[in-house]
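Here is how the chains run, residue by residue.
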Amino acid sequence: MSKIIRIGTRDSQLAMWQAKTVQAQLENLGHKTVLVPVKSTGDLVLDKPLYELGITGIFTKTLDIAMLNGDIDIAVHSLKDVPTVLPKGIVQAAVLKRGNINDTLVFKKNEEFLSSKDAVIATGSLRRRAQWLNQYPTHKVVGLRGNVNSRLEKLEDNEDWDAAIFAAAGLGRLNIRPENSINLHWMIPAPAQGAVMVAALEDDEETLAACAEINHEETEICISIEREFLNRLEGGCTAPIGALAFIKNEEINFKSVLLSKDGSRKIEFSKVVPLDQKDDLAKFAADYVIEKGGKKLIDQVKRSEKEINIYSTKKLTDDQMMLFHNDVIADSNDAIKISLNRIPKTFVRNEIENVIITSKNAVEALLHNFSAPELQFKNIYCVGRRTKRMIERRIGKVKHTEANAKKLAEHLVEFMEGTKVTFFCSDLRLDDLPNTLTENNITVNEVEAYQTKFDADKVESELDGVMFYSPSTVESFLKQNKASGIAFCIGETTAKEAKKYFEDVRVAKVPTVESVIELVNEYYV
């Protein structure tokens, strides 16, 4: 193969291990490769929305987009995290030989707590939680999130916890498995647990041929059965489902489980069939579980009340909600309500040389009062890429844009033609931009285009974090709630306000809602 295969991977320690393993196998066969860490979806642009492409997997969608954009040739995933239905144009190109399939219990001192009625076990997995409570119904199971290293640290730091459950494969691959740990052979793993998958574009025949050389056929057969079972049973619901298939003596051994969230109900299935009867096994198993009450169990999981752990101060669309990590239970509402003001015709009677627009709300206010031809603006300056796109789609060409008002003010001081500017703003606008311009002898004519009204919800749940999109959303939220958890902010101006109240403030790489969502997801990976 002549071309260099670009291997896309997330940049976490475990993801890099997986990618380097694929890289080594390909290079041992004579193929040239290069690793391409992919961090954010913020700057990746597609012609179609994500939902049309079927991109749903929270751990995989960033790489899916990069591949569809032509930035990488293959993507490497932990297969248990990959949705059972791949996006259009992407196919499974190879599966590596499977690693350790077990779940592992890491405990602090010894195993005596297993016989105690009051033990505390930590896990973020609904499947592990349900199976543990089925086995030890008097124990307490608490949530545990984060990457492998941070979860081990949390176990060590929490004095009340006795143990936590991990995937054996992850601990082993990072070579950080503690001595005080045991495999839970009785616990049925997640479908495809321990397997690494390589995805590629359906029409990239050269890359597909190279990947086929590292495909492990036995693993492929087994995980295909497990994933088909999951697909037939789950129906889009995140339920406590385990499945494991393995080949022995030319036979497929298959076992699976579906449980209620609290582990009180369990439906099991196991069967051994000749290898040549493998194609019907997943359907037979799923039909059996459904017939035994599986549909009712799954419906109960769907209806079960979930504890909110992330709150967005902006109402999110259904498609945006689908972008969250599996551990995120998000709620959202608009913390501020916008009321568009009436702007007199006199403001736009003559051409305005320099105009500043810092939000899409100001664009809406202008178009609420005037038609686009009436807005005779010679030079338009704005904040934010989406505001720019809206202006250019509905009003006219933007001369310059910046990520925040402070940077825009600095640009105007140095490069703006003339000494006057008209600023269409909110009644709650910040002082940074007009103050900077005034201090540099630029006259600012402020036009109050809209009013911002505080209307935040009172959130009863204990939150891991809150998503903010403007200083006003911070102020509004805190009128109803205390500052707790992490402040996930869309930009530096918002972060500056959040830092007055929150100890941990994180800023998105680009000023978009999707980038803030990705910032949240990074906390849970």
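Counting of residues starts from 1 at the beginning of each chain's written sequence and follows it residue by residue. In view of the model being predicted, local features appear only for residues whose pLDDT reaches at least 70, and side-chain atom pairs are presented and counted only at 80 or more, with totals across whole chains, interfaces and linings using the full set of residues. Hydrogen atoms and water are omitted, and side-chain values are computed over all heavy atoms in the structure.

What to know about the layout of surface pockets
Reasoning step 1: Using a grid of 1 Å spacing that covers the protein atoms alone, one calls a set of points a cavity when a 1.4 Å probe fits there but cannot get out, and a pocket when the set is open and has protein on both sides within 12 Å along at least five of seven lines; lining residues are those with an atom within 4 Å of a point. Grid points are joined across faces, edges and corners, and a volume is the space filled by probe spheres set on the points. There is about 1400 Å³ of room inside the second largest pocket.
Reasoning step 2: Around the second largest pocket, the lining comprises 46 residues; the ones closest to its centre are Thr358, Ser359, Asn361, Tyr469 and Ser470.
Reasoning step 3: Counted by class, the lining of the second largest pocket contains 18 nonpolar, 16 polar and twelve charged residues. Basically, the charged four are Asp, Glu, Lys and Arg, the nonpolar ten are Ala, Val, Leu, Ile, Met, Phe, Trp, Tyr, Cys and Pro, and anything else, Gly included, counts as polar.

As for the sheet that holds strand 20 (residues 420-426)
Reasoning step 1: With mixed pairing, the six strands of this open sheet are ordered in space as 16-21-20-17-18-19. Either end of the sheet is taken by a strand with one partner, and the two such strands are strand 16 (336-340) and strand 19 (400-402). Averaged over neighbouring strand pairs, the angle between their axes works out to 25° when direction is ignored.
Reasoning step 2: Should any heavy atoms of two residues lie within 4.5 Å, those residues are counted as being in contact. Lines are fitted to the C-alpha atoms to define the axes, a helix being fitted only along its stretch in contact, and any angle between axes, read from their N-to-C directions, falls within 0 to 180 degrees. In this text, helices come from DSSP runs of H or I with a minimum length of four residues, and strands from runs of E with a minimum of two, each type numbered from the N-terminal end. Running at roughly 140° to strand 18 (residues 377-383), helix 13 (residues 405-415) makes contact with strand 17 (352-357), strand 18 and strand 19 of the sheet. One requirement defines pairing of two strands: DSSP has to find at least two bridges between them.

Focus: the pattern of salt bridges
Reasoning step 1: Here a salt bridge means any side-chain nitrogen of Lys or Arg lying within 4 Å of a carboxyl oxygen belonging to Asp or Glu. In this structure the tally under the stated criterion is 23 salt bridges.
Reasoning step 2: The residue Lys283 makes a salt bridge to Asp287 at a minimum N-O spacing of 2.9 Å. Of this pair, Lys283 and Asp287 both sit in helix 9 (residues 281-303), four residues apart, which is roughly one turn of that helix.
Reasoning step 3: Overall, the relative accessible area of 40% leaves Lys283 in the partly exposed class.
Reasoning step 4: Linking Arg429 and Glu446 is a salt bridge whose minimum nitrogen-to-oxygen distance equals 2.8 Å. One end of the pair, Arg429, is in the loop between strand 20 and helix 14 (432-439); the other, Glu446, is in strand 21 (residues 443-454), and 17 residues separate them in sequence.
Reasoning step 5: Take Arg429: its relative accessible area is 27%, and that puts it in the partly exposed class. Exposure classes here rest on a 1.4 Å probe applied to the protein chains alone. A residue is buried below 20% of its type maximum, exposed above 50%, and partly exposed in between.

As for the packing of aromatic side chains
Reasoning step 1: Between rings of Phe, Tyr and Trp, where Trp is taken as its six-membered ring, a pair exists when centres lie within 6.5 Å; planes separated by under 30 degrees are stacked, by over 60 edge-to-face, and by other angles tilted. Following the criterion strictly, the structure yields 13 aromatic pairs and no others.
Reasoning step 2: Look at Phe377 and Phe424: their rings are 5.9 Å apart centre to centre, the planes differ by 40°, and that puts the pair in the tilted class. Here Phe377 is found in strand 18, whereas its partner Phe424 is found in strand 20, with 47 residues between them in sequence.
Reasoning step 3: Relative accessible area serves as the criterion here: at 1%, Phe424 is assigned to the buried category.
Reasoning step 4: Between Phe468 and Phe477, the aromatic rings sit 5.7 Å apart at their centres with planes inclined by 75°, giving edge-to-face as the arrangement. Assigned by exposure class, Phe468 and Phe477 land together as buried.

As for the environment of Val76
Reasoning step 1: Its place among the elements puts Val76 in strand 3 (residues 74-78).
Reasoning step 2: On the accessibility criterion, Val76 (4% relative accessible area) is buried.
Reasoning step 3: Distance from Val76 to Phe246, taken between C-alpha atoms, is 23 Å for residues 170 residues apart in sequence.
Reasoning step 4: Discounting residues that sit within four places of it in the chain, Val76 has contacts with Ile7, Gly8, Gln18, Ala19, Val22, Leu63, Val196 and Met197.

Looking at the state of the cysteines
Reasoning step 1: When the sulfur atoms of two cysteines come within 2.5 Å, that pair is taken as a disulfide. This structure, assessed with the given rule, holds zero disulfides.
Reasoning step 2: The cysteine Cys425 is free of any disulfide, with Cys382 supplying the nearest cysteine sulfur at 15 Å.

A short note on the packing of helix 11 (residues 360-369) against helix 12 (residues 385-394)
Reasoning step 1: Two elements in contact, helix 11 and helix 12, have axes separated by 9 Å at closest approach and are oriented at 20°. For the element pair helix 11 / helix 12, the angle class is roughly parallel. Remark: the crossing between helix 11 and helix 12 carries left-handed chirality. Where helix 11 abuts helix 12, its residues Lys360, Val363, Glu364 and Leu367 lie against Arg386, Thr387, Met390, Ile391 and Arg394. Roughly parallel here means an angle under 35 degrees, roughly antiparallel means over 145, roughly perpendicular means 65 to 115, and every remaining angle is called oblique. Crossing handedness is read from the near helix: turned anticlockwise from the far helix by less than a right angle, it gives a left-handed crossing, and turned clockwise, a right-handed one.

Observations regarding the pairing of strand 1 (residues 4-9)
Reasoning step 1: Examined bridge by bridge, strand 1 and strand 2 (residues 32-37) share six bridges and lie parallel to one another. Its bridge partner being in strand 2, Ile4 is matched across the sheet by Lys32.
Reasoning step 2: Here a crossover is taken to be right-handed if, once the strands point away from the viewer, the path from the first strand over the helix to the second is traced clockwise. As for the winding sense of the linkage, the β-α-β connection from strand 1 through helix 1 (residues 13-28) to strand 2 is right-handed.
Reasoning step 3: In this structure, strand 1 lies alongside strand 3, joined through two bridges in parallel fashion. Residue pairing in the sheet places Gly8 in a bridge with Ala75 of strand 3.

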